[in-house]
Amino acid sequence: MPALPLDKLQLTERDPKTGKLRTLPALHPEIKADRSFVLYRPPPVVRDPALVEEFLERAKFIADDLNWLLDLPHDKFWCQVIFDETLQKCLDSYLRYAPRKFDALLDCHPEVNDMQKCLHRSVFLTFLRMSTHKESKDHFITPSVFGEIIYNNFLFDIPKILDLCVLFGKGNGLLLQKMIENIFTQQPSYFSDLDETLPTVLQVFNNILHKCGLQCEGASAEPQKLEEKVNVTPGNMPLQELKDIVLYLCDTCTTLWAFLDVFPLACQTFQKHEFCYSRENIQPFIEEFLQIFTSVLQERRFLRDYDELFPVEDDVSLLQQASSTLDETRTAYILQAVESAWEGVDRRKAQVVKDPTPPAASNGASAIVESTAEDMEELGAAYASEDECAGAAAAPIAKVSGVELDSLISQVKDLLPDLGEGFILACLEEYSYNTEQVINNILEDKLVPYLDKLDRTMQRQLKPDPTPLVTSRYNVFQNDEFDVFSRDSVDVSRIQKGKRREKDTTRSLLNDKRLVAEQKERYSQYSVIVEEIPVQQGEAQLYKEDYEDEYDDTYDGNQVGANDADSDDELISRRPFTIPQVLRPKGQEEVLEEEEEDEEEEEEAEKERTKDHFVQDPAVLRERAEARRLAYLARKGHKHDSSAVVGNVKGHGQNRETVQERRKKEANKSTRANHNRRVMADRKRNKGMIPS
């Protein structure tokens, strides 16, 4: 079932008074929430803490209320917009008192600026949703009914539309254009309202001329009152009154220009009232412009200030495009006078202030228009484009250089490869490094005159290095006596060019005793021997106490070299005393023989140990080890007989001793050889020698 539009939708709810069910239209005053919106006040002129706190508190209330409004569903949003008068008064107060771009710069607190930006975005999103009759397939209003709602409830009128254009035109041009076109399309009565408004606008300009003592061609010749001042001119007008008139004129012109820029279809209505002049009837105004400039050429300071904010060369270029009969001699004279006014003064070019922090879209306004994604991207670029109406609020921006500048040049050159980098750089400097504006003006031939005269293939001139190689070098010869870069005078006599050639003869070389004198002084120090030390009178007793006249016999008991094996002294190395065998008693002969054999074996072993065996024979070492093992087993009473284990030949039977030896060997074989590997491995593992 297709969804019904909001103007035909009926809601069933329970009556809070009677408790009975009732049916109400979706747009009904009782559905409106009880919420009071406060009025907007502009930021304080001075940094008074009390005024700043008051502004922040009031602005926060308004921003919170508008965000709450944007988060409401479709039906409740429109009920609140239509039937809440405090909301309309709040929005009207913001459109009336919000600061314009041409207003004087205020020294505002950073928190004030942030809050103003947040509130600015919320107000725009509110008007954007109010101008949209279809948010989705299920939430929409019949177009004809939508036109009646916004017109009969004064949600939009011509003054509001003009203020919306001047406040939100820059940076939101496409969204604002779609928004105003939808309003005029759904309600054509706004064209008639605009037609009725233009005479009032013309009357405003006539009043300004009258205040300044000027007269327009179309002014009616009315009789002048006697009490009126005849000699009222801008020259003798009070400064404050002149300032008010200029700001009022600037506000009116800027608002009209912004409206026509956003909604070009309104130009037809303006032309009906001869508000816009054609090429035929614009010539008197061009002549008046040239006369005014000719009369102020002697005011050099005024020319410099005016040309700094509004370049005269651009104005002359516009006049040349508007009129083909422009007097080239007079325009050249005016431009030459402006150039001469800058002589001896550092010329500065006014740049446009950009807001580096574009506001993000609110979550509550995600379904404001049909093409949500594209429109929100455009909305996210708010305040990001150049403001041509900056006027006195213009200020220089940071200069781009290095890699960032090369990137901007490459962006333009990728689309327009025929242009030179020098020409692109000049265009970027003119248009505040905005690549989109540079590309657009080049393609549409809207460049300023001095850029149009440049060679489009001009290459970029590289600036010299501020630190040349000579002054920035550093090496081991820095600041020495021959460094011509750090000193002005150098001793030329100490400079030798080429190989040094001296006429030396053999006699001169022999007579040169300089090396001998140097070496003689050096070696003379080794011949100095102090045999006696001079002692002072008080130090004699000290030397007497340290002197000791006793013989040192510490090492006299050591007979160094007396017990050598190759000594011929028989008194020291003779054989020990032995009892003759005849005189030995019975029973001691065998013991003595064994002792003698042991002593002889020990002597032989001692002799072997004294020998220097660098590498001994392995066979001899094995024999000695086997002999020691057998001697150990013999002392233990163990007799090893392998013949019992071998037994007889196979097939002839084995005796009892052989069977026992074999059984014993089988039972005890794990105690020797390599049969107990598992046990030893477990033992090593338990000791931590093998990682588990």
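Here the residue numbering is sequential within each chain, running from 1 through the sequence in written order. This being a predicted model, a pLDDT of at least 70 is required before a residue's local features are given, and a value of 80 or more before pairs of side-chain atoms are given or counted; all residues contribute to the totals for chains, interfaces and linings. As a convention, hydrogens and water are excluded, and side-chain values are obtained from all of the structure's heavy atoms.

Asks: Before we go on, may I ask you to explain the overall build of the protein chain in this structure?
Replies: Strands are runs of DSSP state E lasting at least 2 residues, helices are runs of H or I lasting at least 4, and numbering of each runs from the N terminus. Scanning the protein chain from N- to C-terminus turns up 29 helices and 2 strands. By residue count, 27% of the 692 residues in the protein chain fall in the buried class. When checking whether two residues touch, look at their non-hydrogen atoms; a contact exists if any pair is within 4.5 Å. Taking the contacts inside the protein chain whose residues are at least 6 apart along the sequence as the reference set, 66% of them involve residues at least 24 apart. Taken as a whole, the protein chain presents about 50500 Å² of accessible surface, with 53% of it coming from carbon and sulfur. Each residue gets one of three labels from its accessible area relative to the maximum for its type: buried under 20%, exposed over 50%, partly exposed in between, using a 1.4 Å probe on protein chains only. For the area figures, the Shrake-Rupley method with a 1.4 Å probe applies, and any residue is considered shielded solely by the protein chains shown.

Asks: I tried to follow the packing of helix α4 (residues 110-130) against helix α6 (residues 158-168) on my own but got confused; where do I start?
Replies: The geometry of a pair of packed helices is captured by two quantities: the angle between their axes and the separation between those axes. Every angle, taken between N-to-C directions, lies between 0 and 180 degrees, and every axis is a line fitted to C-alpha atoms, over only the stretch in contact when it is a helix. Remark: α4 packs on α6, axes separated minimally by 12 Å, with the N-to-C direction vectors making an angle of 135°. Between α4 and α6, the crossing angle belongs to the class labelled oblique. As α4 packs across α6, the resulting crossing turns out to be left-handed. On α6, the residues touching H120, V123, F124 and F127 of α4 are L164, L167 and F168. Looking at the contact of α4 with α6 residue by residue, the classes come out as 6 nonpolar, 1 polar and no charged. By the definition adopted for this analysis, an angle is roughly parallel if under 35 degrees, roughly antiparallel if over 145, roughly perpendicular if from 65 to 115, and oblique otherwise. Crossing handedness is defined as follows: a turn of the near helix away from the far one that is anticlockwise and smaller than a right angle gives a left-handed crossing, while the clockwise case is right-handed. Nonpolar residues are Ala, Val, Leu, Ile, Met, Phe, Trp, Tyr, Cys and Pro. Charged residues are Asp, Glu, Lys and Arg, and all others, Gly as well, are polar.

Asks: So what exactly am I meant to see when it comes to the packing of helix α12 (residues 300-309) against helix α14 (residues 328-341) here?
Replies: Running from amino to carboxyl end, α12 crosses α14 at an angle of 100°, the nearest separation of the two axes being 9 Å. By the criterion of interaxial angle, the relationship of α12 to α14 is roughly perpendicular. Along its contact with α12, which presents R300, L303, R304 and D307, the element α14 presents A337, V338, S340 and A341.

Asks: Help me understand a negative patch on the surface in this model?
Replies: Together, E594, E595, E597, D598, E599, E600, E601, E602, E603 and E604 give the surface a local cluster of negative charge. Residue position: E599 is located in helix α25 (residues 588-610). For patch building, the residue pool is restricted to those with more than 30% relative accessible area and no salt bridge; the joining distance is 9 Å between like charges and 5 Å between nonpolar side chains (Val, Leu, Ile, Met, Phe, Trp, Tyr). Salt bridge, as used here: a side-chain nitrogen of Lys or Arg that lies within 4 Å of a carboxyl oxygen of Asp or Glu. His residues and chain termini do not enter the charge count, which takes Lys and Arg as positive and Asp and Glu as negative. In this description, the location of a charge corresponds to atom NZ of lysine, CZ of arginine, CG of aspartate or CD of glutamate.

Asks: Help me out: how do you make sense of the nonpolar core in this one?
Replies: Inside soluble globular proteins, nonpolar side chains tend to come together where they are buried. Counting residues in each nonpolar core, the largest one holds 68 residues, and the members touching the most others are W78, F156 and F259. Core analysis: the second largest hydrophobic core is formed by 21 residues, V400, I442, L447 and L451 among them. By nonpolar core we mean a set of buried residues, namely Ala, Val, Leu, Ile, Met, Phe, Trp, Tyr and Cys, connected to one another through side-chain atoms within 4.5 Å.

Asks: Help me understand the pattern of salt bridges, please; the structure alone is not making it clear to me.
Replies: Oppositely charged side chains can form a pair if their charged atoms are brought close together. Applying the stated rule across the entire model yields 17 salt bridges. Between E444 and K446 there is a salt bridge, with its nearest N and O atoms 3.1 Å apart. By relative accessible area, K446 is classed as exposed at 52%. Taking the shortest distance from any N to any O, the salt bridge between R685 and D682 comes out at 3.2 Å. Here R685 pairs with D682, and both are found in helix α29 (residues 677-686), just 3 residues apart, close to one helical turn. Take R685: its relative accessible area is 39%, and that puts it in the partly exposed class. In this structure D682 comes out as partly exposed when scored by relative accessible area, which is 36%.

Asks: Looking at this structure, how should I read the pairing of strand β2 (residues 21-25)?
Replies: Put simply, side chains in a regular strand alternate between the two faces of the sheet. One bridge is not enough; two strands pair if DSSP finds at least two bridges between them. For strand β1 (residues 10-14) and β2, the ladder comprises 5 bridges, and the chain directions are antiparallel. Directly across from R14, in β2, lies its bridge partner L21. With antiparallel pairing between neighbouring strands as the criterion, β1 and β2 make up a hairpin whose turn holds 6 residues, including G19 at a positive phi of roughly 80°.

Asks: Looking at this structure, I do not really get the confidence of the model for the protein chain. What am I missing?
Replies: Reading fine detail from the predicted coordinates is not recommended where pLDDT is low. pLDDT is defined as a per-residue confidence score from the predictor, taking values between 0 and 100. Per-residue confidence for the protein chain gives a mean pLDDT of 76; residues scoring 70 or more make up 72%. Within the model, pLDDT remains below 50 along residues 349-396, and this stretch shows 95 contacts once partners closer than five positions in the same chain are excluded.

Asks: Any chance you could explain the packing of aromatic side chains here in plain terms?
Replies: Each aromatic pair joins two rings of Phe, Tyr and Trp (for Trp, the six-membered one) with centres within 6.5 Å, and gets the label stacked for planes under 30 degrees apart, edge-to-face for over 60, and tilted for any other angle. Evaluated as defined, the whole model comprises 17 aromatic pairs. A ring pair is formed by F259 and F270, whose centres lie 6.4 Å apart and whose planes are at 40°; its orientation type is tilted. With F259 in helix α9 (residues 239-262) and F270 in helix α10 (residues 267-272), the pair connects residues that are 11 residues apart, well separated along the chain. For the pair F259 and F270, one class covers both residues: buried.

Asks: Sorry, what's going on with the environment of G420 here?
Replies: Here G420 is to be found in the loop between α16 (403-415) and α17 (421-430). Residues G420 and I409 lie 11 residues apart in sequence; the distance between their C-alpha atoms is 9.5 Å. Beyond its immediate chain neighbours, meaning those up to four positions away, G420 contacts K413, R456, T457, M458 and Q459.

Asks: Help me understand unusual backbone geometry in this model?
Replies: Excluding glycine, most residues fall at negative phi; most peptide bonds, likewise, are trans. A positive phi angle is found at F154, which is not glycine, with a value near 55°. Mapped onto the elements, F154 comes out in the loop between α5 (143-152) and α6. One non-glycine residue with positive phi stands out, namely Y433, at about 60°. Turning to its location among the elements, Y433 is positioned in the loop between α17 and α18 (435-443).

Asks: How should a nonpolar patch on the surface be read in this particular structure?
Replies: A grouping of V45, V46 and L51 is seen on the molecular surface, where their side chains present a nonpolar patch of about 270 Å² in accessible area. Looking at the element boundaries, V46 is found in the loop between β2 and α1 (49-70).

Asks: Any chance you could explain the side chain of D315 here in plain terms?
Replies: Considering the arrangement of structural elements, one finds D315 in helix α13 (residues 312-322). Definition of a polar contact: a pair of N or O atoms within 3.5 Å, with one able to donate and the other able to accept a hydrogen when the atoms are protein atoms, and with sequence-neighbouring residues admitted only if both atoms are side-chain atoms. A distance of 3.4 Å separates the side chain of D315 from the side chain of Y306, its partner in a polar contact. Once residues within four sequence positions are removed from consideration, D315 is found in contact with F289, Y306 and F310.

Asks: Hey, could you run me through the side chain of E135 in this one?
Replies: Residue position: E135 is located in the loop between α4 and α5. Of the residues examined, E135 reaches a relative accessible area of 9% and is grouped as buried.

Asks: Just checking my understanding: could you explain helix α8 (residues 189-211) for this structure?
Replies: Owing to its 3.6 residues per turn, the α-helix aligns residues three or four sequence positions apart on the same side. Given a rise of 1.5 Å per residue, 23 residues ought to cover 33 Å, and the 34 Å separating the end C-alpha atoms of α8 matches this to within 8%. Y190, D193, L194, L198, V201, V204, F205 and I208 are the residues of α8 that are buried. The elements touched by buried residues of α8 are α5, α6, α7 (173-186), α9 and α10. Immediately beyond the C-terminal end of α8, within one or two residues, lies G213, with a positive phi of roughly 75°. Helix span, as expected, comes to 1.5 Å for every residue beyond the first.

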